[in-house]
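# Chains, contacts and geometry: an overview
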Amino acid sequence: MRSNPAEYEFVSPSNLAGALDLLHREPGAWQPVAGGTEIMVQYSAGRLGARRLLNLWNLRELKEIVESNDSLRIGGGCTFTQLRERSAVQNHFPLLVTAAAWTGGIANQNRATIAGNIVNASPAADSPPVLLAYEAELELISATGTRRIPYSDFHLSYKKTVLQPNELLLAIHLPKRFAGWFSYAQKTGARNAQAISKVCIAGVGKLRGNRVKALNIGIGAVAPTPLRLRKTEQILLGSPLTQKTMSEAVQALESEISPIEDIRSSVAYRRQVAANLLEDLLSSFSASEQAG
Amino acid sequence: MSRDSFSLRINGEYRKLEAYPMERLLDVLRERFGLTGTKEGCGEGECGACSVLINGELVNSCLVPIAQANGTEIVTIEGVADGEELHPAQKAFLQCGGAQCGMCTPGMIVATVHLLEKHPKPTIEQIREGLNGNLCRCTGYMRIFEAVEKAASLGTSR
């Protein structure tokens, strides 16, 4: 059943302060909408519960990408197309370009925003594993001020986050310290183009000799939230990449993930593919030393 | 809720309308302005049948509330040709038989126009990616890809 537009309020504040003021005065009453690639799908299908919607699409304050000496600040309202096209993102955070290119078709990438991808909190979203690997920080803003938190602390449980009803995700901060690191991202979906992930993984790392000096791995669609594989990383840190350590890492992965069965995949499939993707990541990581 | 006033430019003409802000651009184009070349396929941003350009950017018009299109410039399939002179993408789809039932064709052509603006001489990979949000259930895509290559060779200048 299609929704009746007469039943919806949709306000367009002229600036960010106006949007924050509305959220402050009536916290929880307003559903923010940016590019609409999630909310409008629910709306078109008659499944959108919220009746009072807040338009963020035109807010300039959310659309900037600013590069400084040691970090990149990406406004929450930046689209995946912007991420793909900006040289600062291409140069320092190539996996984010990869994940942006995975996300929907071109028309979706022209509308979908990075903040929307994060706050929608789907465990299967494509950018979160990359943001976890790059140790992103989130800048949250309300009418009373801003706060910064590690992205790895953002998700609490399925679709639950620390974002308060009066807050918006203002910007994503990425530290520019991964130059020269090994990096890897892969996803499996029903189709190569614009399919929601069955499993997606991203990792960055550094080897010294053949030993793992640093390794950050994020994974999606195998737990109630996007997941940083800290136990798996811990197994490998300081160790050489051998058959033995890699199979211990796969065992650790299997203890960390908790996939569910849904319309896209079964538990057994997700477990197998997550293990395969980790093995592929680690083999590439190992080969990167020999190549370099 | 009450209707608001919106103004936008559609295929070069200034248009004003009163609408609920959550009316979909797709419905406004089809039902208010009779621009029925833009099709509704899935209604959830997967199939690209409702592709239009907003300020030159390819979008699925089923996912755009009219309030977000206020003050913008829209190009639909009806605005792709220059009067009687078809756009190279349209000529190429005709010449190559890049259509069967026709349901996806307006969206395919609008996506092609957008692709050729960004990549006047696209590689096959760029063609496949540029059209990957536009689903066709008849052709198997090969003639569509040929049409896009042909359109590129015809040039985008009108």
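These figures come from a predicted structure and were not determined experimentally.

### Let's talk about the packing of helix H3 (residues 88-96) of chain B against helix H6 (residues 142-154) of chain B
Residues and elements named next belong to chain B.
- Closest axis-to-axis distance for the H3/H6 pair is 8 Å, and the angle between their directions is 135°. Compared by their axis directions, H3 and H6 come out oblique. Between H3 and H6 lies a crossing whose hand is right-handed. On H6, the residues that touch Pro88, Ala89, Lys91, Ala92, Phe93, Gln95 and Cys96 of H3 are Arg143, Glu146, Ala147, Lys150, Ala151 and Leu154.
- Across the contact of H3 with H6, the residue classes break down as eight nonpolar, one polar and four charged.

### What to know about the interface of chain B and chain A
- Taken residue by residue, the interface counts 23 residues in chain B and 26 residues in chain A.
- Of all the secondary-structure elements, those providing two or more residues to the side of chain B that touches chain A are strand S4 (57-60) and helix H2 (66-69) of chain B.
- Per element, the largest residue contribution to the side of chain B that touches chain A is four residues, and it comes from S4 of chain B.
- For the side of chain B that touches chain A, the per-class residue count stands at eleven nonpolar, nine polar and three charged.

### Examining the pairing of strand S13 (residues 211-220) of chain A
- Counted residue by residue, S13 of chain A has seven buried out of ten residues, so it is predominantly covered.
- Between strand S12 (residues 199-208) of chain A and the antiparallel strand that follows it, S13 of chain A, lie two residues; glycine 209 of chain A among them carries a positive phi value of about 65°.

### Here we look at the packing of H3 of chain B against helix H4 (residues 105-118) of chain B
Residues and elements named next belong to chain B.
- Taken N-terminus to C-terminus, the directions of H3 and H4 make an angle of 130°; their axes are 9 Å apart at the nearest point. The angle between the axes of H3 and H4 places the two elements in the oblique class. For the crossing formed where H3 meets H4, the hand is right-handed. Contacts between H3 and H4 involve Ala89, Gln90 and Phe93 on the former and, on the latter, Thr105, Ile109, Thr112, Val113 and Leu116.
- Per-class residue counts for the contact of H3 with H4 are five nonpolar, three polar and no charged.

### Remarks on the sheet that holds strand S5 (residues 71-75) of chain A
All names here are of chain A.
- With respect to topology, five strands assemble into an open sheet ordered S4-S5-S10-S6-S7, the strand pairing being antiparallel. Of all the strands in the sheet, just strand S4 (65-67) and strand S7 (145-150) have a single pairing partner and so form its edges. For this sheet, the mean angle separating the axes of adjacent strands, direction not counted, is 20°.
- Both S4 and S5 contribute to a ladder of three bridges, which runs antiparallel.

### Quick notes on the environment of isoleucine 201 of chain A
Residues and elements named next belong to chain A.
- Secondary-structure assignment places isoleucine 201 in strand S12.
- Looking at isoleucine 201, the number of C-beta atoms within 10 Å reads 29, which means it is buried.
- As for isoleucine 201 and leucine 156, which are separated by 45 residues in sequence, their C-alpha atoms are 20 Å apart.
- Apart from residues no more than four positions distant in its own chain, isoleucine 201 is found in contact with Pro129, Ala185, Gln186, Ile217, Ile219, Leu277, Leu278 and Leu281.

### Quick word on unusual backbone geometry
- Unlike most non-glycine residues, glutamate 135 of chain A shows phi in positive territory, near 55°.
- Topologically, glutamate 135 of chain A is positioned in the loop between helix H8 (127-133) and strand S6 (137-142).
- Assessed through the 18 C-beta atoms surrounding it within 10 Å, glutamate 135 of chain A is described here as partly exposed.
- With a phi close to 75°, tyrosine 141 of chain B is a non-glycine residue in the positive phi region.

### Examining H6 of chain B
All names here are of chain B.
- Under the 1.5 Å per step criterion, the end-to-end length of H6 is 18 Å for 13 residues, consistent within 8% with the ideal 18 Å.
- Taken together, the buried positions of H6 are occupied by Ile144, Ala147, Val148, Ala151 and Ala152. The arc that holds the buried residues of H6, viewed along the axis, is 140°, so those residues lie on one side. Among the exposed residues of H6, those pointing more than 90 degrees away from its buried face are Met142 and Ser153.
- Contact partners of the buried residues in H6: H3, H4 and helix H5 (124-130).

### Section: helix H5 (residues 94-102) of chain A
All names here are of chain A.
- If you check which residues of H5 are buried, you get Leu95, Leu96, Ala99, Ala100 and Trp102. Looking straight down H5, one finds that the buried residues subtend no more than 155° of arc, so they occupy a single side.
- For H5, the secondary structure elements touched by its buried residues are helix H3 (80-85), helix H4 (87-92), helix H6 (106-109), H8, strand S11 (182-188) and S12.
- Of the residues one or two after H5, glycine 104 is the one with positive phi, at around 65°.

### Quick word on the sheet that holds S13 of chain A
Residue and element names in this part refer to chain A.
- Strand order in the open sheet made by the four strands is S11-S12-S13-S14, with antiparallel pairing throughout. Every other strand in the sheet has two partners, leaving S11 and strand S14 (227-228) as the edge strands with one partner each.
- Sheet topology note: the S12/S13 ladder contains nine bridges and is antiparallel. Along S13, the bridge assignment pairs leucine 207 with valine 212.

### Points about the domain arrangement of chain B
Residues and elements named next belong to chain B.
- What the domain assignment lists for chain B is domain 1 (4-79) and domain 2 (88-154).
- Using C-alpha coordinates to define each centre, domain 1 is positioned 21 Å away from domain 2.
- Per element, the largest residue contribution to the side of domain 1 that touches domain 2 is three residues, and it comes from strand S3 (residues 51-54).
- Considering only residue class, the side of domain 1 that touches domain 2 consists of seven nonpolar, six polar and one charged.

About the thresholds
Residues numbered from 1 in each chain as written. Chains lettered and ligands numbered in written order. Predicted model: local features only at pLDDT ≥ 70, side-chain atom pairs only at ≥ 80, totals over all residues. Axes fitted to C-alpha atoms, helices over the stretch in contact; angles between N-to-C directions. Helix = DSSP H or I, 4+ residues; strand = E, 2+ residues; numbered from the N terminus. Parallel < 35°, antiparallel > 145°, perpendicular 65-115°, else oblique. Left-handed = near helix turned anticlockwise from the far one by under 90°. Contact = placed C-beta atoms within 7 Å. Nonpolar A, V, L, I, M, F, W, Y, C, P; charged D, E, K, R; others polar. Buried ≥ 20, exposed ≤ 12 C-beta atoms within 10 Å, placed from the backbone. Pairing = 2+ DSSP bridges. Expected span 1.5 Å × (residues − 1). Arc of directions from axis to C-beta. Domains from an automatic or database assignment.

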